[in-house]
Amino acid sequence: MNSKRIWILTLFPEFFKPLLECGIAGSALRGERNEGTTSFEVNCINIRDFSTTKYKSVDDSPFGGGPGMVMRADILRDALLEGVVKAHGYRGLEDLRVIYTSPRGVVWNNKVAREFGTKALGEDPRDVVFVCGRYEGVDERFLEKYVTEYYSLGDYVLTGGELAVMVMLDSAVRFVPGILGNKLSSQDDSFEDGLLEYPQYTRPRSFEEMEVPAVLLEGNHKKILEWQRAEKEKMTRKHRPDLKS
Ligand code: ADE
């Protein structure tokens, strides 16, 4: 089994508790889904611990003026090099992918998530570092020197990278072989074939005068598959016609 350590440089480690403590992604990222091909360990590093200023500040005002504050390159570098590389036995930056989430990045979607899940969280021998920006941004010199790749959730601005990192981890870990197990295959999920998922039903059979589609109760597997395929088309046409274009 591969083992993958994920480091998150953040000013708000507590943001990540719900992701790491709850649900399937949580147990996978805690290294508890042992049927998988990769065992994970996620560690948050508080950027503030690497501040050298009296009041533990991590940012300063931008040269050239303008609103807000910019995260300092030297403090981020120390968090990366001292807090990750030196403290945890890496040979150097060649052992790590350093990821920054930002509107300038590759836009995240199911295809990118699958690629990231199978490569960055799977077969790539390098471990992964996420850098979560806050405030108005990060000194460009840190990004230029240390960041190897950028991802964006979409064309809007978050107040920090934490939510983006959680979305990336949650949606990518599903593609690590063995993580979802046989029962919870990602193959039937929305987007896998460019279509939305078919609708699902459970008990009771009758709910407010609405019945479960009869084909699902008849036990004809071939007919059920045909129905599911047709429903995927129908759902996509109704809710996301743009996916079909
Ligand atoms: N940080 C700020 N905005 C972001 C976005 N759209 N995607 C990822 N990270 C971000």
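Up top is the structure.
Residues numbered from 1 in each chain as written. Predicted model: local features only at pLDDT ≥ 70, side-chain atom pairs only at ≥ 80, totals over all residues. Heavy atoms only, no water.

All residues in the neighbourhood of the ligand are listed as T101, S102, P103, Y151, S152, L153, G154, Y156, V157, L158 and A164. One nitrogen or oxygen atom from the main chain of S102 is found 3.3 Å from a nitrogen atom belonging to the ligand. Measuring from a nitrogen atom of the ligand, one finds a backbone N or O atom of L158 at 3.0 Å. Bound to the protein, the ligand loses 94% of the 260 Å² it would expose on its own. Of all the secondary structure elements, the ones that give two or more residues to the shell around the ligand are β5 (96-107) and β7 (149-152). For the shell around the ligand, the element with the most residues is β5, which contributes three residues. Looking at the shell around the ligand residue by residue, the class counts come to seven nonpolar, four polar and no charged. (Near = heavy atom within 4 Å. Polar contact = N/O pair within 3.5 Å; in protein donor to acceptor, adjacent residues only side chain to side chain. Areas by Shrake-Rupley, 256 points an atom, 1.4 Å probe, with all protein chains shown as cover. Helix = DSSP H or I, 4+ residues; strand = E, 2+ residues; numbered from the N terminus. Nonpolar A, V, L, I, M, F, W, Y, C, P; charged D, E, K, R; others polar.)

Taken as a whole and judged by the stated rule, the model has zero disulfides. You can see C44 has no disulfide; the closest cysteine sulfur is in C132, sitting 7.8 Å from it. A relative accessible area of 30% means that C44 is categorised as partly exposed. Take C132: its relative accessible area is 0%, and that puts it in the buried class. (Disulfide = S-S within 2.5 Å. Buried < 20%, exposed > 50% of the residue type's maximum accessible area, 1.4 Å probe, protein only.)

Bringing the environment of T236 into the picture now. Secondary-structure assignment places T236 in helix α7 (residues 221-239). Placed 86 residues apart in sequence, T236 and Y150 show a C-alpha to C-alpha distance of 30 Å. Every residue in contact with T236, bar those within four places of it in the chain, is listed here: G194, L195, L196, P241, L243 and K244. (Contact = heavy atoms within 4.5 Å.)

Another point: helix α3 (residues 73-86). Every buried residue of α3 is accounted for by A73, I75, L76, A79, L80, G83, V84 and V85. The inward-facing, buried residues of α3 abut β1 (2-10), β2 (38-46), β4 (70-71), β5, β6 (127-131) and α5 (140-146).

Contact geometry for helix α4 (residues 110-123) and helix α6 (residues 162-173): axes closest at 8 Å, N-to-C directions at 85°. It follows from the interaxial angle that α4 and α6 lie roughly perpendicular. Where α4 abuts α6, its residues A113, F116, G117 and L121 lie against M168, L169, S171, A172 and V173. Its residues placed into classes, the contact of α4 with α6 shows seven nonpolar, two polar and no charged. (Axes fitted to C-alpha atoms, helices over the stretch in contact; angles between N-to-C directions. Parallel < 35°, antiparallel > 145°, perpendicular 65-115°, else oblique.)

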